Every structure is written in structure tokens, then in C-alpha cells.
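Residues per chain are reported as follows:
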Amino acid sequence: MKESFLHFIWQFQQFDKSKLRTTDGELVEIFAIGNHNTDAGPDFKNAKIRIGKIIWHGQVEIHTSSSHWKLHGHQDDRAYDNVVLHVVWENDENIYNKEGKLIPTVELKDKIPSDLLTKCHELINSPELIPCSSQIHHANKMNVLSMQQQATIERLKIKSEVVVELLNRNNMDWEDTTYQLLAKNFGFKINSEPFLRLAQNAPLKYLKKHVGNLLQIEAILFGVAGLLDQSPKDDYHSFLMNEYVFLSKKYSLEGNEINESSWKHLRLRPGNFPAVRISQFAALINLNPHLFDSFTNFEDVKALKKSLRIKPSDYWKTHYHFGKESKRQLKGMGMNSVENLLINTTVPLLVAYSQHLDEPKYMDKALLILESLKPERNHITNRWQEMGISSVNAFESQALIEMYNNYCLKKRCLSCKIGVGLISGK
């Protein structure tokens, strides 16, 4: 028996409430179950319950065994002084409040239908990565849709927290935060951390001073990236090295360089090699140094996407590394990469800014972007597709990714509207 199951049972009142009594024989009538509390304190707040002849307004605490009240130290926590009902699977010990009075307790082990226990057990203990994969065709479509909407909002909240964390580090400077967030996502997971350090060690304010001179912006970024600390491979490489020597002294960047070994190449396509991405990042900063304004005040998603489809300098159209020319010409940022940047940079930024200002229009812009982009295709969305759950845009694919990572893999079926619906038959 898991406490999460009892939370589900109480929240959806999936037990026999006829002649419901406390362990000491008082009749119980439930008018309001209370609000599920996911923070510290009692499990359900603001419940309304009649016990005997008295109607109580207060909290409800849930445990598998009543003795867990003491095990969890609730007797010493004032937050639990207003618990009006203790709901347990088994009452193995009478629990008293600070005044020495018995805390009203309801035992549920004989009041829950056995088939409900079986359905829950089968779902949560399914060997499948998506536990409901064999039952999803029985799911209520409204539950699926509602869960997708909930999951997307949760995912946006989590991603916006990354923005807020960066913002706090940057003393509430939205421009620097945007620059660093974009850099982090230019690393596309594998090189996200060194890319973030690159942006932090090569401040945007210095790059802005050289807008219009792409070579100097490249010199700063490649220099701080630690990719110029070697013998020159060709004239271009030599030029950047000389420029960085001068610029690093001018802006006191010496000692800020990242170790070259921090950059990963393994299992990357050439178009994702660090040097290529840094060259594209430099070109973007050169063309659009006011990133925050561009990402928050755009009028058209297509135009925003087009602004990110930048091409690097001529050298990087034919090179993946310094000094090694390739016969294949690079075409700049692909559309999949652009849409990835929008999903992971622009959207979380807009959500965080909307919350910061309490201004819904920025949240609307974030949702507009997700609804305008094609759905992501990866091993997670493919699994859902095989189950008959497809997505028509990025809003829906983001939902499926969140559901998989934070509900399915963690077996949180009792917190998922699809799982709850399948167990309860609703």
C-alpha cells in the first residue's frame, strides 16, 4: 500500500462512504475533501467534514498506518494542529493531539473495492516504460487532452525556472540572461555547459562594441572558448589569434578561457561541431545584438524563425575545424535547430518574463510559438505515436515529452489524469 494511492482514493472519493465512522464510532459526513496540498503541511487543506454532530473546517492528513503520524514527527509540528481528520489504510495506533484528545481517524482498508486495488497494482507495476500503453485505447479522450495541457504548462514552468535562476545570477539583467540562455541552447545538450560558460566568460557588452566586425566577435568567442590556444593552421586562424591577444588584454579576458577538452565531438554530426556552432553564434550576435527585444517583442513567428537562420562567415561555410577544409559546403542553421532554439530559449524566456511582469501577453506569445511549430520527432514522441497518441504541433509534443519523463518513467500514474481515469473507470 502506497500513500499516493490513498491520496487518489481520498481525492476522488473512491471508497464506500455509507455509514462511514471514525475508529471510535462517530459518524462521518464529507462535505468538502479540501484542496490537495503539494507543499509542506497536511495533505488536504480547507476540508469541511461533519464528525458526530459537529461540522469541522480544517485539514486532512493521510497515512498508510496511523502510527506514521509520530514517525513523521507531526506531533511536534504546529502545522498539524488543525487536522480535523486522519485518513489511514490501517489504524495500528491511536493518535492524540497536544491536548490529549483522540484525533478523529477513518480506516479505509475494508472500504476500498478490490478491483480498484487490482487495477492500480497492474498499472503501476506494468513493465512498460509507458505503463498505460496496453490500456491507452480505453482512456477518455478528454482526460488525455486535459493531461497534455497540464503537462505542457508544467514543462514551461520548469524551463522558466532555469531562466529565473540565470536572471538572479545576472542581477536581473534580461539582456545578459537571454544571451547566456541562447548560448546554452546553442550547445544542443552535449555542449550546453561549455557554451554557457563561454557566454558567461565572454560578456555580451564586449561583443556589442564590435558589432559590424564579425572577425573580432569571432576572435573573442573562439579565444574564450579555448580554441585559439594552438599553433596557427592557416591565415584566418592566425588572424583570430592575433586579434584575441589584443582584445583579451583590452577587456581583461586572460584567464577566462575554457579548456579545449571541455568541448565534445563524439557522436556529433559535423554541422554540430563546437567550432561550427560558435561561428554561427558569432554571426547571430553580429546581426542581432539586441536579443531580448527580438525574442519578446516580435510580431510574426515566421519572421522570428527567419532571423535565426543565420549563415556563418565564409570560412566556416567550408570548414568544420581550423585548417581542415571540407568539400561539403555548410548552409547555416537548419530549420530543426532553429525551432529547437525557439522551444528551449524564446518560449521559456517569454514565460519567465510574463510571470515577472504579471503580463499575460508574453505567455500568449510563448504558446503561439509552440502552436506554430511542427511537433518534435524523437524516441519519446515515436513511442506515443505507436500507441495512437500523435501531436500536431510543438505544444502537444512538449506535453508528451513531459508526461513520459515526469509521469511515466516515475510511475506517477496516480498523479496523471489518464492513469486516474483508467483506474477509476472515468
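Throughout what follows, the structure given in this document is the object of discussion. (Residues numbered from 1 in each chain as written. Predicted model: local features only at pLDDT ≥ 70, side-chain atom pairs only at ≥ 80, totals over all residues. Heavy atoms only, no water.)

### Examining the pattern of salt bridges
Opposite charge on two side chains lets them pair, provided their charged atoms get close. In the structure shown here, the tally under the stated rule is eight salt bridges. D314 is the partner of K317 in a salt bridge, and the nearest nitrogen-oxygen pair spans 3.3 Å. A relative accessible area of 58% means that D314 is categorised as exposed. Shared partners join several salt bridges into a network, and the residues in it are K305, E339 and K374. (Salt bridge = Lys/Arg side-chain N within 4 Å of Asp/Glu carboxyl O. Buried < 20%, exposed > 50% of the residue type's maximum accessible area, 1.4 Å probe, protein only.)

### A word on the nonpolar core
Membership of the largest hydrophobic core comes to 74 residues, with the highest contact counts inside it found for Y179, L198, L221 and F222. Considering each element in turn, this core owes the most residues, ten residues, to helix 13 (residues 335–357). Dropping the residues within four chain positions of it, F222 is found in contact with L227, L228, Y236, L240, A275, I278, S279, W316 and F322. Within the second largest apolar cluster, 52 residues are counted, among which are I9, I51, A151 and C408. (Core = buried A, V, L, I, M, F, W, Y, C linked by side-chain atoms within 4.5 Å. Helix = DSSP H or I, 4+ residues; strand = E, 2+ residues; numbered from the N terminus. Contact = heavy atoms within 4.5 Å.)

### Description of the pairing of strand 5 (residues 83–90)
Here strand 5 lies mainly inside the structure; seven of its eight residues are buried. Two strands pair when backbone bridges link them, and strand 4 (residues 54–65) and strand 5 are joined in this way by six bridges, in the parallel orientation. From the neighbouring strand, H63 faces strand 5, where its bridge partner is V88. As paired elements, strand 5 and strand 6 (residues 105–107) share three bridges and run parallel to each other. Residue pairing for strand 6: H86 is matched across the bridge by T105. (Pairing = 2+ DSSP bridges.)

### Re the packing of helix 15 (residues 379–386) against helix 16 (residues 394–408)
With their axes 9 Å apart at the nearest point, helix 15 and helix 16 run at an angle of 95 degrees to one another. Taken together, the axes of helix 15 and helix 16 are roughly perpendicular relative to one another. Between helix 15 and helix 16, the contacting residues are I380, T381, R383 and W384 on the first element and S397, L400, I401, M403, Y404, N405 and C408 on the second. Classifying every residue of the contact of helix 15 with helix 16 by side-chain character gives seven nonpolar, three polar and one charged. (Axes fitted to C-alpha atoms, helices over the stretch in contact; angles between N-to-C directions. Parallel < 35°, antiparallel > 145°, perpendicular 65-115°, else oblique. Nonpolar A, V, L, I, M, F, W, Y, C, P; charged D, E, K, R; others polar.)

### Observations concerning empty space enclosed by the protein
As enumerated under the stated definition, the model contains one cavity of 30 Å³ or more in all. Empty space within the largest cavity amounts to approximately 100 Å³. Together, L123, P131, C132, W384, M403, Y407, C408, R412, C413, C416, I418 and G419 line the largest cavity. When residues of the lining of the largest cavity are traced back to their parent elements, those giving at least two are helix 16 and helix 17 (417–424). The leading source of residues in the lining of the largest cavity is helix 16, at three residues. (1 Å grid on protein atoms, 1.4 Å probe; cavity = no way out; pocket = protein on both sides within 12 Å on 5 of 7 lines; lining within 4 Å. Points joined across faces, edges and corners; volume = space filled by probe spheres on them.)

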